[in-house]
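# Notes for the structure review
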Amino acid sequence: MTYENLLADLTEKQVTLVAVSKTKPVQMISELYARGQRIFGENRVQEMVEKHEALPKDIQWHMIGHLQKNKVKYMASFVSMVHSVDNLSLLHTLEKQAAQHARSIDILLQIKIASEDSKSGWDYAALREDIKSIDAPHLRIRGVMGMATFTDEQSQVRTEFAALKSYHTELKAHFDPDCFDTISMGMSGDYHIAIEEGSTMVRIGSLLFGAR
Ligand SMILES: *Cc1c(COP(=O)(O)O)cnc(C)c1O
């Protein structure tokens, strides 16, 4: 799969590509940047900060990994979107840091859809309660993110992605519907299913950069 083929397929389906560059060197990011890619995803703050400093400033950096509150300050000045917002306390830390930098940060609500305990994310029932307490004028709440169970059972993956799509539909009524337009689901191994189930943004690493 070349980058150009993948991009053509995703563009036709109106799906945005986040190129997941975690653990990969700056040189490999530069090469994809030269071919036109501008959105890159990282899962560690320190690594994203170093790459941001080394690379062109029109790259949009997406934080996709589990995020600790005390790390938000290191990326608040430049991060474009945070996919992994899965609790109120983290959300309000992001709000505070966005305000301090006089900017707006796009965020996604990460919801737990997998059956594995290891996958993080908001419990959907808890989120339904928590949204009543959200007060975040400096955040643009753009939608939802989820990771399916790592399994060969395609039907299970499909069911989990369908659940995330239905959560997005339900939540939309509670947010600005013009802004709440993003469903981030699908990785190298399951993005075809994710797109069939309504994904608008896929996070693809190993398919583009090789195995980690
Ligand atoms: C690493 C990672 C990806 C990309 O995984 P691949 O299987 O390499 O495509 C996507 N989303 C998250 C949250 C990740 O941590």
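Higher on the page you've got the structure.
Overview of the structure.

Criteria and thresholds
- Residues numbered from 1 in each chain as written.
- Predicted model: local features only at pLDDT ≥ 70, side-chain atom pairs only at ≥ 80, totals over all residues.
- Heavy atoms only, no water.
- Helix = DSSP H or I, 4+ residues; strand = E, 2+ residues; numbered from the N terminus.
- Buried < 20%, exposed > 50% of the residue type's maximum accessible area, 1.4 Å probe, protein only.
- Contact = heavy atoms within 4.5 Å.
- Lys, Arg positive; Asp, Glu negative; His and termini not counted.
- Charge placed at Lys NZ, Arg CZ, Asp CG, Glu CD.
- Salt bridge = Lys/Arg side-chain N within 4 Å of Asp/Glu carboxyl O.
- Near = heavy atom within 4 Å.
- Nonpolar A, V, L, I, M, F, W, Y, C, P; charged D, E, K, R; others polar.
- Phe/Tyr/Trp six-rings, centres within 6.5 Å; stacked < 30°, edge-to-face > 60°.
- Lys NZ or Arg CZ within 6 Å of the ring centre and 35° of its normal.
- Pairing = 2+ DSSP bridges.
- Right-handed = clockwise from strand over helix to strand, strands pointing away.

Within the protein chain one finds nine helices and eight strands. Across its three principal directions, the C-alpha atoms of the protein chain cover 45 × 45 × 30 Å. Taking all 212 residues of the protein chain together, 50% fall into the buried category. Counting contacts in the protein chain only where the partners sit at least 6 residues apart, residues at least 24 apart contribute 58% of the total. Charge centroids of the protein chain, computed over 24 positive and 28 negative side chains, lie 5 Å from each other.

Further remarks concern the pattern of salt bridges. Counting across every chain of the model gives 13 salt bridges. Across the pair Arg-142 and Asp-106 runs a salt bridge whose closest N-O atoms are separated by 2.8 Å. Here Arg-142, found in strand 6 (residues 139-145), pairs with Asp-106, found in strand 5 (residues 105-110); they are 36 residues apart in sequence, far enough to count as distant. Given a relative accessible area of 11%, Asp-106 falls into the buried group. Members of the salt-bridge network, linked through shared partners, are Glu-42, Arg-44, Glu-47 and Lys-51.

Around the ligand sit Val-20, Lys-22, Ile-64, Met-147, Met-187, Ser-188, Arg-203, Ile-204, Gly-205, Ser-206 and Arg-212, and those are all the residues in its vicinity. Residues that form the shell around the ligand fall into these classes: five nonpolar, three polar and three charged.

Taken as a whole, this structure holds three aromatic pairs when the rule is applied. With centroids separated by 3.9 Å and ring planes inclined at 15 degrees, the aromatic side chains of Tyr-124 and Tyr-167 adopt a geometry described as stacked. Taken together, the residues span a long stretch of sequence, with Tyr-124 in helix 6 (residues 124-130) and Tyr-167 in helix 7 (residues 154-172) at a distance of 43 residues. For Tyr-167, a relative accessible area of 19% translates into the label buried. Between Phe-175 and Phe-180, the ring centres sit 5.0 Å apart and the planes meet at 10 degrees, which makes this aromatic pair stacked. On the accessibility criterion, Phe-175 (14% relative accessible area) is buried. Lying across the ring of Tyr-33, Arg-38 places its NZ or CZ 3.6 Å from the centre.

Attention shifts here to the pairing of strand 6. With six of seven residues buried, strand 6 lies mostly within the body of the structure. Here strand 5 pairs with strand 6 via six bridges, running parallel. Paired with Gln-110 across the strands is Met-145, a residue of strand 6. One crossover worth recording links strand 5 to the parallel strand 6 by way of helix 6, and it is right-handed. Inspection of the sheet shows strand 6 paired to strand 7 (residues 182-184) by three bridges, in the parallel sense. Along strand 7, the bridge assignment pairs Met-145 with Ser-184. In this fold, strand 6 hands off to helix 7, which returns the chain to strand 7; that crossover is right-handed.

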